[in-house]
Amino acid sequence: PQQNAPAPGAAPTAEQLEPVKAAVRALLHQPEYDDGSAGPVLVRLAWHSAGTYCKETNTGGSNGAGMRYEKEGGDPANAGLQHARAFLEPVKSQFPFISYADLWTLAAAVAVAEMGGPSVPWQGGRTDYVDDAKVPPRGRLPDGAQGADHLRFIFYRMGFNDQEIVALSGAHNLGRCHGDRSGFEGKWVNNPTRLSNQYFKLLLKFEGKWRKTTLANGLQQFVYVDEDLAGGEGDEDEKEEGLMMLPTDMSLLSDPQFRPWVEKYAADQDLFFRDFAAVFAKLLELGLKRDSQGRVVNDENVEDGYRS
Ligand code: CCH
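Residues numbered from 1 in each chain as written. Predicted model: local features only at pLDDT ≥ 70, side-chain atom pairs only at ≥ 80, totals over all residues. Heavy atoms only, no water.

*Asks:* Help me understand the coordination of the iron atom of the ligand, please; the structure alone is not making it clear to me.
*Replies:* Tetrahedral coordination by four donors places them ideally at 109.5 degrees to one another around the metal; octahedral coordination by six donors ideally gives 90 or 180 degrees. The sole protein-derived ligand of the iron atom of the ligand is H172 (NE2), positioned 2.1 Å away. Looking at where H172 falls in the secondary structure, it is placed in the loop between α7 (162-169) and β1 (176-177). (Donors = N, O, S within 2.8 Å, 3.2 Å for Na, K, Ca; no water. Helix = DSSP H or I, 4+ residues; strand = E, 2+ residues; numbered from the N terminus.)

Rendered as structure tokens:
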């Protein structure tokens, strides 16, 4: 057996997880990648692994790490997340005892904390057992081209309410859109590797100035370009990149139930961090059945599910 590995069927202890977390911290700095950090794409990996959950049918969710396989991994909504999985592969090789499902969700919690965000409560014990009959159909993740009704349709299915939808959306303070992944382009905030409530502040600050544009691929998004910085004269490289919002992001401003939460989170970063930590932890737990000791029992009849 691996040194310091949990017994078969047991979730890793806090002590066993410490070196795993340290290994994740050590890989976050990626000077050649995007804005210099693997953090944002790791957060998106965990979100997309969990966000397939449907409470009615009790299917989807982070258990099983089904995104390793084409049926889920090939969903166009998951384009680009192979980079996140590749970043974590050396950690999986170094600590084979941790399931992919645990590693992906743990890495996001580690990344959020390292990027200046709150400490997200995380519990282990997920397995990598994929029940083919329960692989979620494609189309369960949100489409940025849509609006408030779509957000409610998608997130109510997972069991979230309006406040939780807005808190979760604050993750768009991190990372960026890639033309070759989602088709959208650009980042939401100037410092996309630091979690803060800037996303909410900017939504409000440039209200009325967010300009709808149509990209060459036909997708529409909203942009704000500071005219002084982006002026026609001068070196291309010195032009401000500008910031963006998806149509779904903009719906948080226009929807009367969402908007008050945008205002609260813009005014109070501590409140945003508290609510974000709670709702992100809830997201990562969707679909997990735990016994009174906290053990995941979804796959209790599957032999040695931790190492599949
Ligand atoms: Fe998101 N997100 N997201 N998002 N997202 C994208 C990128 C990130 C939507 C659409 C997009 C959440 C909710 C939504 C992150 C975290 C979360 C992109 C660009 C689109 C499009 C992808 C690309 O091109 O690479 C929509 C619609 C919703 C509806 O609510 C939630 C919830 C979370 C997490 C809690 C993060 C982080 C990124 C940046 C990824 C990166 O690679 O930089």
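More follows now that the structure is in view.
*Asks:* Help me understand the site of the ligand in this model?
*Replies:* Taken together, 24 residues form the shell around the ligand, and within it H172, G175, R176, H178 and S182 come nearest. The side chain of H178 places a nitrogen or oxygen atom 2.6 Å from an oxygen atom of the ligand. Between an oxygen atom of the ligand and a side-chain N or O atom of S182, the distance comes to 2.6 Å. Counting residues per element, the shell around the ligand draws most heavily on helix α2 (residues 39-50), which supplies 4 residues. (Near = heavy atom within 4 Å. Polar contact = N/O pair within 3.5 Å; in protein donor to acceptor, adjacent residues only side chain to side chain.)

*Asks:* Looking at this structure, how should I read the packing of aromatic side chains?
*Replies:* For any pair of aromatic rings, the description rests on two quantities: the centre-to-centre distance and the angle between the ring planes. In the structure shown here, the tally under the stated rule is 16 aromatic pairs. With 5.0 Å between their ring centres and 85 degrees between their planes, Y33 and F87 make a pair best called edge-to-face. Of this pair, Y33 sits in the loop between α1 (14-28) and α2 while F87 sits in helix α4 (residues 81-94), placing them 54 residues apart in sequence. Pair check on accessibility: Y33 and F87 agree, each one buried. Between Y265 and F272, the ring centres sit 5.8 Å apart and the planes meet at 55 degrees, which makes this aromatic pair tilted. (Phe/Tyr/Trp six-rings, centres within 6.5 Å; stacked < 30°, edge-to-face > 60°. Buried < 20%, exposed > 50% of the residue type's maximum accessible area, 1.4 Å probe, protein only.)

*Asks:* What exactly am I supposed to notice about the domain arrangement of the chain here?
*Replies:* Quite often, the size of an interface is put as the accessible area lost when its parts meet. The domain architecture assigned to the chain consists of domain 1 (14-141 + 280-307) and domain 2 (148-277). With 33 residues of domain 1 at the interface, the matching set in domain 2 holds 21 residues. Counting across the interface, domain 1 meets domain 2 through 2 salt bridges. Residues K282 and E164 are paired through a salt bridge, measuring 3.1 Å at the closest nitrogen-oxygen approach. At the junction of domain 1 and domain 2, the tally comes to 12 residue pairs in polar contact (both at pLDDT 80 or more). (Domains from an automatic or database assignment. Contact = heavy atoms within 4.5 Å. Salt bridge = Lys/Arg side-chain N within 4 Å of Asp/Glu carboxyl O.)

*Asks:* I tried to follow the nonpolar core on my own but got confused; where do I start?
*Replies:* A general tendency of soluble globular proteins is for nonpolar side chains to be buried together. In this structure, L88, F155, M158, W210, F280 and L283 are the most contacted members of the largest nonpolar core, which totals 89 residues. The dominant element in this core, judged by the number of residues it contributes, is helix α5 (residues 100-114), at 11 residues. Each of domain 1 (14-141 + 280-307) and domain 2 (148-277) accounts for three or more of the residues forming this core. Excluding residues within four positions of it along the chain, F155 makes contact with W47, P142, F160, I165 and L168. (Core = buried A, V, L, I, M, F, W, Y, C linked by side-chain atoms within 4.5 Å.)

*Asks:* Would you mind showing me how to read the confidence of the model for the chain here?
*Replies:* Predicted coordinates in regions of low pLDDT should not be interpreted in detail. Per-chain confidence: the chain averages 93 in pLDDT, with 92% of residues scoring 70 or above. By mean pLDDT, the top-scoring element of the chain is α7 (99), and the lowest-scoring one is helix α9 (residues 227-230) (62). (pLDDT = per-residue confidence, 0-100.)

*Asks:* Before we go on, may I ask you to explain the pattern of salt bridges in this structure?
*Replies:* Pairing between side chains of opposite charge can happen when their charged atoms approach one another. Inspection of every chain in the model, using the stated rule, returns 14 salt bridges. One salt bridge in this structure joins K21 and E18, with 3.8 Å as the shortest N-O distance. Residue K21 and its partner E18 are located together in helix α1, separated by 3 residues, close to a single helical turn. Classification of K21 as partly exposed rests on a relative accessible area of 24%. Given the relative accessible area of 36%, E18 is considered partly exposed. Here D255 ties to R152 by a salt bridge, and the two come within 2.7 Å at their closest N and O atoms. Taken together, the positions of D255 in the loop between α10 (247-254) and α11 (259-267) and R152 in helix α6 (residues 148-158) put the pair 103 residues apart, joining distant regions of the chain. Taken as a pair, D255 and R152 share a single burial class, namely buried. Each member of the salt-bridge network shares a partner with another, and the members are E18, K21, R25 and E114.

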